[in-house]
Amino acid sequence: MYVEMGCIYIVHVVMFYFVLLTNPVLSATCDDKECPGVISMPLIDGVKASLKADLDTTDLNNHLKAYIEQHVKEGVQAAMKDVMKQLVDDGLEEANAIINATVKEHLKGIGVTYTRWGRKACPTGAELVYTGQAGGNHFDSSGGGTNYLCLPNDPENGQQQSYNNPELFGVEYEIYSDIKPHGWRTMTDMEVPCAVCHSSGKSSKIIIPGRHTCYSDWRAEYNGYLMSSYKGHKGRNEFVCVDLNAEPFDNRSSDENGALLYPIRTKCGSLRCPPYTNSADVLCVVCTK
Ligand SMILES: [Ca+2]
Ligand SMILES: [Ca+2]
(Lines give C-alpha, C1' and ligand atoms only; values in the text may rest on other atoms or scores of the structure.)
(Ligands and ions follow the chains in the order given, each with its own letter.)
Protein backbone atom coordinates (compact mmCIF):
# COMPACT_ATOMS: atom_id res chain seq x y z
CA MET A 1 0.00 0.00 0.00
CA TYR A 2 2.69 2.53 1.05
CA VAL A 3 4.89 1.44 -1.85
CA GLU A 4 2.02 2.04 -4.24
CA MET A 5 1.33 5.50 -2.81
CA GLY A 6 5.05 6.38 -3.00
CA CYS A 7 5.19 5.43 -6.65
CA ILE A 8 2.16 7.59 -7.39
CA TYR A 9 3.82 10.60 -5.63
CA ILE A 10 7.03 10.23 -7.65
CA VAL A 11 5.02 10.05 -10.87
CA HIS A 12 3.18 13.28 -9.92
CA VAL A 13 6.46 15.12 -9.17
CA VAL A 14 7.96 14.04 -12.48
CA MET A 15 4.83 15.12 -14.32
CA PHE A 16 4.91 18.49 -12.53
CA TYR A 17 8.45 19.25 -13.64
CA PHE A 18 7.66 17.93 -17.10
CA VAL A 19 4.78 20.36 -17.30
CA LEU A 20 7.02 23.09 -15.84
CA LEU A 21 9.60 22.58 -18.56
CA THR A 22 7.17 22.25 -21.43
CA ASN A 23 4.57 24.90 -20.52
CA PRO A 24 5.19 28.06 -22.66
CA VAL A 25 3.53 30.28 -20.09
CA LEU A 26 5.49 30.31 -16.91
CA SER A 27 3.79 31.76 -13.96
CA ALA A 28 6.09 34.30 -12.27
CA THR A 29 6.23 35.25 -8.66
CA CYS A 30 6.17 38.92 -9.72
CA ASP A 31 6.02 40.72 -13.02
CA ASP A 32 7.91 43.81 -14.24
CA LYS A 33 5.22 46.20 -13.11
CA GLU A 34 5.12 44.84 -9.63
CA CYS A 35 8.87 44.52 -9.19
CA PRO A 36 10.74 47.62 -10.38
CA GLY A 37 14.34 46.84 -11.04
CA VAL A 38 13.53 43.25 -11.92
CA ILE A 39 13.32 42.04 -15.51
CA SER A 40 12.48 38.69 -16.98
CA MET A 41 14.39 37.14 -19.83
CA PRO A 42 14.13 33.86 -21.74
CA LEU A 43 16.86 31.38 -20.94
CA ILE A 44 16.11 28.47 -23.21
CA ASP A 45 14.79 29.35 -26.66
CA GLY A 46 16.60 26.66 -28.60
CA VAL A 47 14.45 23.89 -27.22
CA LYS A 48 11.29 25.91 -27.85
CA ALA A 49 10.58 25.65 -24.19
CA SER A 50 10.45 28.93 -22.32
CA LEU A 51 12.45 29.12 -19.18
CA LYS A 52 12.47 32.57 -17.63
CA ALA A 53 14.60 33.90 -14.87
CA ASP A 54 14.00 37.04 -12.88
CA LEU A 55 17.05 39.30 -12.69
CA ASP A 56 17.46 42.05 -10.12
CA THR A 57 18.75 45.07 -12.08
CA THR A 58 18.91 47.44 -9.14
CA ASP A 59 22.72 47.40 -8.99
CA LEU A 60 22.91 47.71 -12.75
CA ASN A 61 20.59 50.69 -12.65
CA ASN A 62 22.63 52.29 -9.90
CA HIS A 63 25.85 51.82 -11.88
CA LEU A 64 24.18 53.11 -15.03
CA LYS A 65 22.80 56.09 -13.16
CA ALA A 66 26.22 56.88 -11.67
CA TYR A 67 27.84 56.45 -15.10
CA ILE A 68 25.34 58.81 -16.74
CA GLU A 69 25.66 61.33 -13.95
CA GLN A 70 29.45 61.28 -14.23
CA HIS A 71 29.38 61.81 -17.99
CA VAL A 72 26.72 64.49 -17.76
CA LYS A 73 28.82 66.21 -15.11
CA GLU A 74 31.96 66.00 -17.25
CA GLY A 75 30.04 67.22 -20.29
CA VAL A 76 28.62 70.17 -18.41
CA GLN A 77 32.03 71.00 -17.00
CA ALA A 78 33.60 70.88 -20.46
CA ALA A 79 30.82 73.00 -21.90
CA MET A 80 31.15 75.51 -19.05
CA LYS A 81 34.89 75.70 -19.60
CA ASP A 82 34.32 76.50 -23.27
CA VAL A 83 31.72 79.12 -22.38
CA MET A 84 33.97 80.67 -19.72
CA LYS A 85 36.97 80.63 -22.07
CA GLN A 86 34.94 82.40 -24.74
CA LEU A 87 33.70 84.95 -22.19
CA VAL A 88 37.26 85.55 -20.99
CA ASP A 89 38.57 85.83 -24.56
CA ASP A 90 35.79 88.25 -25.48
CA GLY A 91 36.46 90.23 -22.31
CA LEU A 92 40.19 90.40 -22.99
CA GLU A 93 39.62 91.44 -26.58
CA GLU A 94 37.27 94.20 -25.51
CA ALA A 95 39.65 95.29 -22.73
CA ASN A 96 42.58 95.36 -25.17
CA ALA A 97 40.59 97.47 -27.61
CA ILE A 98 39.71 99.93 -24.84
CA ILE A 99 43.32 100.04 -23.61
CA ASN A 100 44.68 100.55 -27.12
CA ALA A 101 42.20 103.33 -27.81
CA THR A 102 42.99 104.96 -24.46
CA VAL A 103 46.74 104.70 -24.98
CA LYS A 104 46.40 106.02 -28.53
CA GLU A 105 44.36 108.96 -27.28
CA HIS A 106 46.85 109.55 -24.48
CA LEU A 107 49.80 109.38 -26.86
CA LYS A 108 48.32 112.23 -28.86
CA GLY A 109 49.11 114.49 -25.93
CA ILE A 110 52.72 113.48 -25.56
CA GLY A 111 55.65 113.69 -27.89
CA VAL A 112 58.96 115.40 -28.49
CA THR A 113 59.86 118.80 -29.85
CA TYR A 114 62.80 119.93 -31.92
CA THR A 115 63.85 122.91 -33.98
CA ARG A 116 64.21 122.48 -37.70
CA TRP A 117 66.90 124.97 -38.67
CA GLY A 118 66.78 126.50 -42.14
CA ARG A 119 63.10 125.77 -42.85
CA LYS A 120 59.80 127.49 -42.08
CA ALA A 121 57.67 124.35 -41.98
CA CYS A 122 57.86 121.01 -40.19
CA PRO A 123 58.42 117.62 -41.81
CA THR A 124 55.38 115.57 -42.78
CA GLY A 125 53.80 114.04 -39.69
CA ALA A 126 55.05 116.70 -37.29
CA GLU A 127 52.98 119.57 -35.95
CA LEU A 128 54.21 123.14 -36.34
CA VAL A 129 54.37 124.83 -32.95
CA TYR A 130 55.64 128.06 -34.44
CA THR A 131 57.88 129.31 -37.18
CA GLY A 132 60.36 132.15 -36.92
CA GLN A 133 63.81 133.54 -37.51
CA ALA A 134 67.04 132.10 -36.17
CA GLY A 135 68.78 134.42 -33.69
CA GLY A 136 71.91 134.44 -31.62
CA ASN A 137 74.87 136.24 -30.18
CA HIS A 138 77.10 138.54 -32.26
CA PHE A 139 79.81 136.51 -33.97
CA ASP A 140 82.57 138.73 -32.61
CA SER A 141 81.36 138.99 -29.02
CA SER A 142 83.04 136.82 -26.42
CA GLY A 143 80.13 137.11 -24.01
CA GLY A 144 76.49 136.41 -24.27
CA GLY A 145 74.74 133.20 -25.10
CA THR A 146 76.13 130.31 -27.04
CA ASN A 147 72.97 128.74 -28.36
CA TYR A 148 71.02 129.64 -31.46
CA LEU A 149 67.42 130.66 -30.82
CA CYS A 150 64.28 130.17 -32.88
CA LEU A 151 62.60 133.56 -32.49
CA PRO A 152 58.85 133.53 -33.30
CA ASN A 153 57.51 135.79 -36.03
CA ASP A 154 54.81 137.09 -33.70
CA PRO A 155 56.85 138.30 -30.72
CA GLU A 156 55.38 139.87 -27.62
CA ASN A 157 57.92 142.63 -27.09
CA GLY A 158 59.14 143.96 -23.76
CA GLN A 159 59.73 147.59 -22.79
CA GLN A 160 62.55 149.49 -24.53
CA GLN A 161 65.47 150.30 -22.19
CA SER A 162 68.66 152.36 -22.28
CA TYR A 163 70.75 149.57 -20.82
CA ASN A 164 73.30 148.61 -23.46
CA ASN A 165 73.60 144.90 -24.10
CA PRO A 166 72.27 144.39 -27.60
CA GLU A 167 73.29 140.80 -28.12
CA LEU A 168 70.34 139.32 -29.87
CA PHE A 169 70.94 139.26 -33.60
CA GLY A 170 69.47 137.50 -36.53
CA VAL A 171 71.49 134.66 -38.03
CA GLU A 172 72.93 134.88 -41.53
CA TYR A 173 73.97 132.11 -43.78
CA GLU A 174 77.61 133.17 -43.97
CA ILE A 175 78.07 130.59 -46.65
CA TYR A 176 79.84 131.70 -49.78
CA SER A 177 80.05 129.66 -52.93
CA ASP A 178 83.55 128.40 -52.14
CA ILE A 179 82.64 126.98 -48.75
CA LYS A 180 79.08 125.82 -49.23
CA PRO A 181 78.33 122.14 -48.67
CA HIS A 182 77.76 119.78 -51.55
CA GLY A 183 74.43 120.48 -53.21
CA TRP A 184 73.82 123.59 -51.16
CA ARG A 185 72.12 126.55 -52.82
CA THR A 186 73.77 129.94 -52.52
CA MET A 187 72.12 132.07 -49.84
CA THR A 188 75.05 134.22 -48.76
CA ASP A 189 74.15 136.85 -46.16
CA MET A 190 70.49 135.86 -46.23
CA GLU A 191 68.76 135.23 -42.92
CA VAL A 192 67.98 131.83 -41.51
CA PRO A 193 64.37 130.69 -40.82
CA CYS A 194 63.45 128.01 -38.31
CA ALA A 195 60.45 125.95 -37.25
CA VAL A 196 59.70 124.46 -33.86
CA CYS A 197 58.03 121.11 -34.43
CA HIS A 198 56.14 118.67 -32.24
CA SER A 199 56.22 115.01 -33.14
CA SER A 200 53.38 113.31 -31.24
CA GLY A 201 53.43 109.77 -29.92
CA LYS A 202 57.21 109.88 -29.52
CA SER A 203 59.20 109.77 -26.33
CA SER A 204 62.78 110.26 -27.49
CA LYS A 205 64.70 112.52 -29.84
CA ILE A 206 68.33 112.45 -30.83
CA ILE A 207 70.48 114.42 -33.24
CA ILE A 208 73.08 112.22 -34.86
CA PRO A 209 76.13 114.04 -36.24
CA GLY A 210 78.01 112.24 -38.98
CA ARG A 211 75.01 110.44 -40.49
CA HIS A 212 72.06 111.31 -42.66
CA THR A 213 70.02 108.20 -41.80
CA CYS A 214 68.69 106.98 -38.46
CA TYR A 215 69.39 103.67 -36.83
CA SER A 216 66.73 100.96 -36.88
CA ASP A 217 63.55 101.65 -34.92
CA TRP A 218 64.14 105.40 -35.25
CA ARG A 219 62.36 107.71 -37.66
CA ALA A 220 64.16 110.54 -39.44
CA GLU A 221 62.46 113.91 -38.93
CA TYR A 222 64.88 115.72 -41.21
CA ASN A 223 68.52 115.58 -42.20
CA GLY A 224 71.05 118.12 -43.33
CA TYR A 225 74.48 119.56 -42.57
CA LEU A 226 76.06 120.28 -39.23
CA MET A 227 76.81 124.02 -38.84
CA SER A 228 77.98 126.45 -36.21
CA SER A 229 80.06 129.64 -35.87
CA TYR A 230 83.44 130.25 -37.50
CA LYS A 231 86.57 128.94 -35.76
CA GLY A 232 88.35 132.35 -35.81
CA HIS A 233 85.50 134.31 -34.26
CA LYS A 234 85.23 135.13 -30.59
CA GLY A 235 81.66 134.06 -30.36
CA ARG A 236 81.19 130.38 -29.73
CA ASN A 237 78.01 128.71 -30.73
CA GLU A 238 76.47 125.31 -30.49
CA PHE A 239 76.34 122.87 -33.37
CA VAL A 240 72.99 122.76 -35.13
CA CYS A 241 71.63 120.52 -37.84
CA VAL A 242 70.58 122.76 -40.74
CA ASP A 243 68.11 121.23 -43.17
CA LEU A 244 69.52 119.79 -46.38
CA ASN A 245 66.99 121.84 -48.35
CA ALA A 246 67.43 125.02 -46.36
CA GLU A 247 65.69 128.18 -47.53
CA PRO A 248 66.17 131.89 -46.81
CA PHE A 249 63.98 133.71 -44.32
CA ASP A 250 63.04 136.34 -46.93
CA ASN A 251 64.44 137.98 -50.05
CA ARG A 252 66.87 140.29 -48.31
CA SER A 253 70.51 139.44 -48.84
CA SER A 254 72.29 142.47 -47.38
CA ASP A 255 75.44 141.77 -45.39
CA GLU A 256 74.28 142.70 -41.89
CA ASN A 257 76.15 139.97 -40.06
CA GLY A 258 75.19 139.47 -36.41
CA ALA A 259 75.03 135.76 -35.58
CA LEU A 260 76.48 133.63 -38.33
CA LEU A 261 76.27 130.08 -39.58
CA TYR A 262 79.15 128.24 -41.21
CA PRO A 263 79.44 124.69 -42.41
CA ILE A 264 81.56 122.40 -40.25
CA ARG A 265 84.30 120.22 -41.75
CA THR A 266 86.13 117.24 -40.29
CA LYS A 267 89.80 117.30 -39.18
CA CYS A 268 91.54 113.96 -38.95
CA GLY A 269 93.91 113.26 -36.07
CA SER A 270 92.14 113.11 -32.76
CA LEU A 271 89.15 112.36 -34.97
CA ARG A 272 89.82 108.89 -36.32
CA CYS A 273 90.00 108.54 -40.11
CA PRO A 274 88.77 106.10 -41.06
CA PRO A 275 85.94 105.81 -40.34
CA TYR A 276 85.79 109.57 -40.94
CA THR A 277 87.21 111.43 -43.94
CA ASN A 278 89.34 114.55 -43.64
CA SER A 279 87.91 117.94 -44.52
CA ALA A 280 84.48 116.55 -45.33
CA ASP A 281 81.02 117.99 -44.84
CA VAL A 282 79.45 116.67 -41.66
CA LEU A 283 76.01 115.24 -42.25
CA CYS A 284 73.38 115.16 -39.53
CA VAL A 285 69.93 113.74 -38.93
CA VAL A 286 67.25 114.32 -36.30
CA CYS A 287 65.67 111.04 -35.23
CA THR A 288 62.68 110.27 -33.02
CA LYS A 289 60.88 107.23 -31.72
CA1 LIG B 1 71.71 139.56 -44.05
CA1 LIG C 1 77.47 138.35 -43.64
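Scoring rules and cut-offs
Residues numbered from 1 in each chain as written. Chains lettered and ligands numbered in written order. Predicted model: local features only at pLDDT ≥ 70, side-chain atom pairs only at ≥ 80, totals over all residues. Heavy atoms only, no water. Phe/Tyr/Trp six-rings, centres within 6.5 Å; stacked < 30°, edge-to-face > 60°. Helix = DSSP H or I, 4+ residues; strand = E, 2+ residues; numbered from the N terminus. Buried < 20%, exposed > 50% of the residue type's maximum accessible area, 1.4 Å probe, protein only. Donors = N, O, S within 2.8 Å, 3.2 Å for Na, K, Ca; no water. Core = buried A, V, L, I, M, F, W, Y, C linked by side-chain atoms within 4.5 Å. Contact = heavy atoms within 4.5 Å. Tetrahedral: all angles 85-135°; square planar, octahedral: opposite > 155°, others 65-115°. Pairing = 2+ DSSP bridges. Disulfide = S-S within 2.5 Å. 1 Å grid on protein atoms, 1.4 Å probe; cavity = no way out; pocket = protein on both sides within 12 Å on 5 of 7 lines; lining within 4 Å. Points joined across faces, edges and corners; volume = space filled by probe spheres on them. Nonpolar A, V, L, I, M, F, W, Y, C, P; charged D, E, K, R; others polar.

Asker: What is the right way to look at the packing of aromatic side chains in this model?
Answerer: Aromatic ring pairs are reported here in terms of the distance separating the ring centres and the angle at which the planes meet. In total, this model carries five aromatic pairs according to the counting rule given. Ring centres of W117 and Y148 lie 6.4 Å apart, and the angle between their planes is 65 degrees; on these two criteria the pair is classed as edge-to-face. Of this pair, W117 sits in strand 3 (residues 111-117) while Y148 sits in the loop between strand 4 (127-136) and strand 5 (149-152), and the two are 31 residues apart along the sequence. Y148 carries the same exposure label as W117, and that label is buried. Counting every residue linked through ring pairs, the aromatic cluster contains Y173, W184 and Y225.

Asker: Is there a simple way to explain the coordination of the calcium ion (ligand 1) in this structure?
Answerer: Metal coordination angles in their ideal form are 109.5 degrees for the four-donor tetrahedron and 90 or 180 degrees for the six-donor octahedron. Bound to the calcium ion (ligand 1) on the protein side are E172 (OE), D189 (O), E191 (OE), S254 (O) and E256 (OE), at distances that span 2.2 to 2.7 Å. Counting along the primary sequence, the residues that act as donors to the calcium ion (ligand 1) give the motif E-x16-D-x1-E-x62-S-x1-E. Between the calcium ion (ligand 1) and the calcium ion (ligand 2) the interatomic distance comes to 5.9 Å, and E172 is a ligand of both metals. Residue classification places S254 among the partly exposed positions, given a relative accessible area of 34%.

Asker: It is not clear to me how the nonpolar core should be interpreted in this structure. Could you clarify?
Answerer: For soluble globular proteins, the rule of thumb is that nonpolar side chains tend to be buried together. Counting residues in each nonpolar core, the largest one holds 32 residues, and the members touching the most others are W117, V171, Y173, W184, M227, V242 and L261. Secondary-structure elements contributing two or more residues to this core are strand 3, strand 6 (169-173), strand 7 (193-200), strand 9 (219-228), strand 10 (240-243), strand 11 (259-263) and strand 12 (283-288). Leaving out residues up to four positions away in the same chain, V242 has contacts with W117, G118, Y173, W184, Y222, N223, G224, Y225, M227, L261 and C284.

Asker: Whenever I open this one, the coordination of the calcium ion (ligand 2) confuses me. Can you help?
Answerer: Every protein donor of the calcium ion (ligand 2) is accounted for by E172 (OE), E174 (OE), E174 (OE), D189 (OD), D255 (OD) and N257 (OD1), and the metal-donor separations fall at 2.2 to 2.8 Å. Its six donor atoms give the calcium ion (ligand 2) angles of 49 to 169 degrees at the centre, a pattern that matches the irregular case. Judged by its relative accessible area of 0%, E172 is buried.

Asker: Quick question: what am I supposed to make of the pairing of strand 7 here?
Answerer: Remember that side chains alternate between the two faces of the sheet whenever the strand is regular. For strand 7, the buried fraction is high: seven of the eight residues fall into the buried class. Relative to strand 7, strand 3 runs antiparallel, the two being bridged by seven bridges. Residue pairing for strand 7: W117 is matched across the bridge by C194.

Asker: Is there a simple way to think about the state of the cysteines in this case?
Answerer: The term disulfide refers to a covalent linkage connecting the sulfur atoms of a pair of cysteines. Under the defined criterion, the tally for this structure stands at five disulfides. For C214, the disulfide goes to C287, at an S-S distance of 2.1 Å. The sign of the S-S torsion, about -100 degrees, decides the handedness of the disulfide formed by C214 and C287: left-handed. Residue C214 is found in the loop between strand 8 (205-209) and strand 9, and its partner C287 is found in strand 12; the two are separated by 73 residues along the sequence. Each of the two residues, C214 as well as C287, counts as buried. Covalently, C241 is tied to C284 through a disulfide, its sulfur atoms 2.0 Å apart. Handedness of the C241-C284 disulfide follows from its S-S torsion of about 90 degrees: it is right-handed. One end of the pair, C241, is in strand 10; the other, C284, is in strand 12, with 43 residues separating them in the sequence. With respect to burial, C241 and C284 carry one shared label: buried.

Asker: Would you explain the layout of surface pockets in this entry?
Answerer: To find the voids left in a structure, one rolls a probe of water-molecule size over its atoms. The calculated volume of the largest pocket comes to roughly 520 Å³. Taken together, 17 residues make up the lining of the largest pocket; nearest its centre are S229, Y230, K231, P263 and I264. Grouping the amino acids of the lining of the largest pocket by side-chain chemistry returns six nonpolar, seven polar and four charged. If you add up the space inside the second largest pocket, you get close to 150 Å³. Contributing to the lining of the second largest pocket are Y114, T115, W117, K205, I207, Y222, L226, E238, F239, V240, C241 and V286. Mapped by element, the contributors of at least two residues to the lining of the second largest pocket are strand 3, strand 8, strand 9 and strand 10. At three residues, the largest contribution of residues to the lining of the second largest pocket is made by strand 3. The residue makeup of the lining of the second largest pocket, split by class, is nine nonpolar, one polar and two charged.

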